[in-house]
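What the coordinates show
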Amino acid sequence: MSQRKVLQGNIIIAKAALAAGCDFFAGYPITPSSEIAQYMSKEMPKMERAFIQMEDEIASLGACIGASLAGKKALTATSGPGFSLMQEHLGMAVMAEVPLVIVNVMRGGPSTGMPTKPSQADMMQARWGTHGDHPIIAVYPAFSDEIFSETVRAFNLSEKYWNPVIILLDEVLAKAHMDVEIPDPGSYEVYWEKTHEISDLNIYDRNIGENPPRIDFFHSYPIHIDSLEHDAHGWPSFDAKTVDKMQRLRMEKIYYNLDDIIKYKEYFLDDAEVLVFSFGISARAALAAVKMAREQGIKAGLFQALTVWPFPRAALQERFKKTKKVLTVELNMGQMKYEIERIAPPDVKKQTLLRANGLPFSPGEVLETIKEFVK
Amino acid sequence: MMKYEIRYGAVGGQGIITAGALLVDIAVEMENKFAIASPTYTAAVRGGPTKVDVIISDEAIDFPHAQAIDFFLCTDQKPYDIYKERLKDDAIVVVDSHLVHELGDTRNWKVYHVPIINETKVGAGNVVLTSVVSLALTQKMTNVISYDNMVAHIKRWAPKGTVEMNMKAIEVGMNLIK
């Protein structure tokens, strides 16, 4: 029987990662994510899984890439400053198509900023932090049960699509002690991609939209993994036709599979006059606000993005056919609001509630903004 | 729907964040409620003002910070000044009689002045037991968890060799307000 227990948000992530089969962790502890590394350092050796405390975040992600290529399910956990350091290797993981999971428990930035305060200001960094055109998946749980399920899902998605997956989490939830339902093993999917016996060296050869195979790196032909643009063999190539194909292969393994990757929750949206778009801790304030608004006769609903990248464009556009007001609530100076502006038709009125001073929005503040907006 | 909001304010090191976590443990694991404790997390854990919000409910909790506080316990003036906001008009307020002097507008609060820290030192023998003293005081004043569950949980939770002193702390907490 599954059991409800009390855990800190960071510990829920660590437990879920282990449940998803994570057998390699390399990291450099940083507030407010440190408990993840701390828990892993205690539990992983008992399970004969590898934990390494690295000298910094650059090395941490480097070690994860190596471990993943050796067949491990690799995880690292960090916060803004460490996530910045990881961007170069994040690009390498995308380019070489290496599955791994990065947790970013966001804190106030820029730079070392406010280590102990919540922030949702790494949204665009999660999407565009590393240079070059690249596909990325980022999930963002808000409730305790989602922290578990989205962490498991992050591993599954990374394994399925051979791409790094980022888990974003709020400082508020990372540190809170809360009730959580830990599901029974077997009641949720854990995806294991079988390693492929390769018959030739065309390891990156596949059709557009198809997932790459997981390669048995050390027990098969010697294969070449390169951060340079490469051909189907993995060898550097700048041939325009080859590069075009490889770019499209990487992007479209994600964009052909949006139905599998994108997840969101909708509350009270069917007859909503105003759609509140939010995620993480702000979505929790928004949910309370939407319920209060309903009690006062205001037709408000919430769209909570669980997958923030790729952006849940189609689902939102479906809602904008009927709901003509959208309020974006995010703890930053305005990031995801630009995605809403890009996709919402001109006849949809756009409003925002933004702040980046280390204080989460209260339900009352969201409610007041909704009331102003529907006037 | 039963929903109860509690806030503890103190200076870092007094143990109130532990008290909040204990309250949630008991409410969830022994009484099958939904609960969350959201602590401040700053360098203040080493001496500055700290607080923890605890919400206990029959239903899943939307927002993890207290919005309408039923019970506020505070053991120092500075956290009192900072964290007395969002209290209900009829909140129960317990302050340390030696360390909190200026209350300002107390609206319709039921205010109790008790020497929490001093009685913990003298009665229970160690100031680190403020966590358990505060927990017991909360149990008595709010009944938000049961006395029996509290005792059973603390017996299980107390580190080896400290059960007796923790039981003493419960006794001190239960007798602070007659």
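Residues numbered from 1 in each chain as written. Chains lettered and ligands numbered in written order. Predicted model: local features only at pLDDT ≥ 70, side-chain atom pairs only at ≥ 80, totals over all residues. Heavy atoms only, no water.

Residues and elements named next belong to chain A. If you walk across this open sheet you meet the 7 strands as S3-S2-S4-S5-S7-S6-S14, and the pairing is mixed. Only two strands of the sheet have a single neighbouring strand rather than two, namely strand S3 (50–53) and strand S14 (307–309). If you compare each strand with its neighbour and ignore which way they point, the axes differ by 20° on average. Two elements, strand S6 (residues 137–139) and strand S7 (residues 164–170), share 3 bridges in a ladder whose sense is parallel. Within the sheet, the bridge partner assigned to Ala138 lies in S7 and is Ile166. (Pairing = 2+ DSSP bridges. Helix = DSSP H or I, 4+ residues; strand = E, 2+ residues; numbered from the N terminus. Axes fitted to C-alpha atoms, helices over the stretch in contact; angles between N-to-C directions.)

The next point concerns helix H10 (residues 280–295) of chain A. Residue and element names in this part refer to chain A. Counted at 1.5 Å a residue, the expected span for H10 with its 16 residues is 22 Å, and the 23 Å between its end C-alpha atoms agrees. Judged by how many residues are buried, H10 sits mostly within the fold: 12 of 16 residues are covered. For H10, the set of buried residues is Gly280, Ile281, Ser282, Ala283, Arg284, Ala285, Ala286, Leu287, Ala288, Ala289, Val290 and Ala293. Just past H10, the residue Gly297 takes up positive phi, approximately 85°. (Expected span 1.5 Å × (residues − 1). Buried < 20%, exposed > 50% of the residue type's maximum accessible area, 1.4 Å probe, protein only.)

So, on to the interface of chain A and chain B. At the junction of the two partners, chain A supplies 26 residues and chain B supplies 22 residues. When chain A packs against chain B, close to 1900 Å² is buried across both sides, 60% of that on carbon and sulfur atoms. In terms of surface lost to chain B, no three residues of chain A exceed Arg4, Val6 and His177 of chain A, which account for 30% of the buried area on that side. In this structure, Lys291 of chain A and Asp62 of chain B form a salt bridge, with 2.9 Å as the shortest nitrogen-oxygen distance. Our count for the chain A to chain B interface comes out at 10 residue pairs in polar contact (both at pLDDT 80 or more). The set of elements that each furnish at least two residues to the side of chain A that touches chain B consists of strand S1 (3–8), helix H7 (171–175), strand S8 (177–182) and H10 of chain A. When the residues that make up the side of chain A that touches chain B are grouped by side-chain class, the tally is 14 nonpolar, 4 polar and 8 charged. Direction of pairing for S8 of chain A relative to strand S2 (residues 34–39) of chain B: antiparallel, over a ladder of 2 bridges. (Contact = heavy atoms within 4.5 Å. Buried area = accessible area lost by both parts, 1.4 Å probe. Salt bridge = Lys/Arg side-chain N within 4 Å of Asp/Glu carboxyl O. Polar contact = N/O pair within 3.5 Å; in protein donor to acceptor, adjacent residues only side chain to side chain. Nonpolar A, V, L, I, M, F, W, Y, C, P; charged D, E, K, R; others polar.)

Moving on to the domain arrangement of chain A. In many analyses, interface size is given as the accessible surface area lost on bringing the parts together. Residues and elements named next belong to chain A. With domains assigned, chain A is organised as domain 1 (3–182) and domain 2 (266–374). Taking only C-alpha atoms into account, the centre of domain 1 sits 26 Å from that of domain 2. Across the domain 1-domain 2 interface, the total number found is 0 salt bridges. Run the count over domain 1 and domain 2 and you get 15 residue pairs in polar contact (both at pLDDT 80 or more). Of all the secondary structure elements, the ones that give two or more residues to the side of domain 1 that touches domain 2 are helix H5 (123–128), S6, helix H6 (144–161), S7 and H7. For the side of domain 1 that touches domain 2, the residue count by class is 17 nonpolar, 3 polar and 7 charged. (Domains from an automatic or database assignment.)

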